[in-house]
Amino acid sequence: MILSWNTTNQCNMFCGHCYREAGKKKNEELSTVEGKKLIDEIARAGFRIMIFSGGEPLMRSDIFELIQYATSKGLRCVLGTNGTLITEDVAVKLKKSGLMGAGISLDSLDKQKHDKLRCYENAWDLTVQGMKNCKKAGLAFQIHTTVMDWNEHEVEEMTDFAVKMGAVAHHIFFLVPTGRGKDIKDEALDRETYENVLQRIMKKSTEVDIEIKPTCAPQFMRIAKQMDLKLRYTKGCIAGTSYCIIGPTGKVQPCAYMDMEIGNVRETPFNKIWEQNEVFETLRTEEYGGTCGACAYKSNCGGCRARAAYYHEGDFMQQDNICILGEMNG
């Protein structure tokens, strides 16, 4: 099971697709003491992998202490970062704190396009240098790319770049219109392109030695099955079943892109929220509506619950409209 904690809303960038609308630090973000209490509860709930994310988690002064504490509790810790703040010294400190790896965002091989999305001068150069610093320190890293209509043609080249840089994986995210992403929803892939890109990604996964994984695109599980590919994953969308996210002030959400507060760790221990919350219980039923409910692949795909909520007025159990099977059955 995987949990992501947005440790802070503070960020040195102002990315156009940010679900958290990060930038300024929020009032009353969880303190170091509260963070450690949360980590205890996460371990108690049975989670194994913990993502320290943001905002930009490296802007939090106690991040090394928190990673070290989580590691001591048996959690496998990884970092979600834009990479620009990973100096050689920071990479060494992250390694010593027990961090297992870093997910570093890079959205294009075109420096200008990446910097424009990130609203940050020299972002591309600084991010790639951060990767090099991780490699020098012996810290594993993977590249995270958000795919949209203007960079989908680069996907395979981005994977080749990840291989060249020494990344252990290339995770490809698909735009969900939440946060600032609502402002660029027209840049999201249409249904046919989405299907085509997923097919290309799964084909590419057979040609390289690193892991390639689509994210916020659970239909990749159906495509993998159609292509007779063997994956280590058992389900596409794991929101509320083996994944959830906690915001900077303790707000619990089923996933990063489902903008709904279903509890707060300041009021209720996280392990109790995970075990007893009715939204989580509903997600675990797999009683989906529309074509998702009737689909033969529903148990290993599940449809994107965040996309379902966005396009069905908050009904997160409805069908995922982007799926090509929905169009074929419509």
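Below you will find a few notes about this structure. (Residues numbered from 1 in each chain as written. Predicted model: local features only at pLDDT ≥ 70, side-chain atom pairs only at ≥ 80, totals over all residues. Heavy atoms only, no water.)

Here we take up the packing of aromatic side chains. This structure, assessed with the given rule, holds ten aromatic pairs. An angle of 75 degrees between the planes, with centres 5.3 Å apart, marks the rings of Phe174 and Tyr194 as edge-to-face. Linking Phe174 in strand β6 (residues 169-174) with Tyr194 in helix α7 (residues 191-205), this pair joins segments that are 20 residues apart in sequence. Residue Tyr194 is classed as buried on the basis of its relative accessible area, which comes to 1%. The rings of Phe47, Phe270, Trp274 and Phe280 are connected pair by pair, giving a single aromatic cluster. (Phe/Tyr/Trp six-rings, centres within 6.5 Å; stacked < 30°, edge-to-face > 60°. Helix = DSSP H or I, 4+ residues; strand = E, 2+ residues; numbered from the N terminus. Buried < 20%, exposed > 50% of the residue type's maximum accessible area, 1.4 Å probe, protein only.)

With that settled, the discussion passes to the pairing of strand β1 (residues 2-6). Within β1, four of the five residues are buried, which leaves the element mostly enclosed by the surrounding structure. Where β1 lies against strand β2 (residues 49-53), five bridges are found, and the strand directions are parallel. The residue of β2 that forms the bridge with Ser4 is Ile51. The parallel pair β1 and β2 is bridged by helix α1 (residues 32-44), and the resulting crossover is right-handed. As judged from the four bridges shared by β1 and strand β8 (residues 243-246), these two strands associate in the parallel manner. Following the sheet pairing, Ile2 is matched in β8 by Tyr243. (Pairing = 2+ DSSP bridges. Right-handed = clockwise from strand over helix to strand, strands pointing away.)

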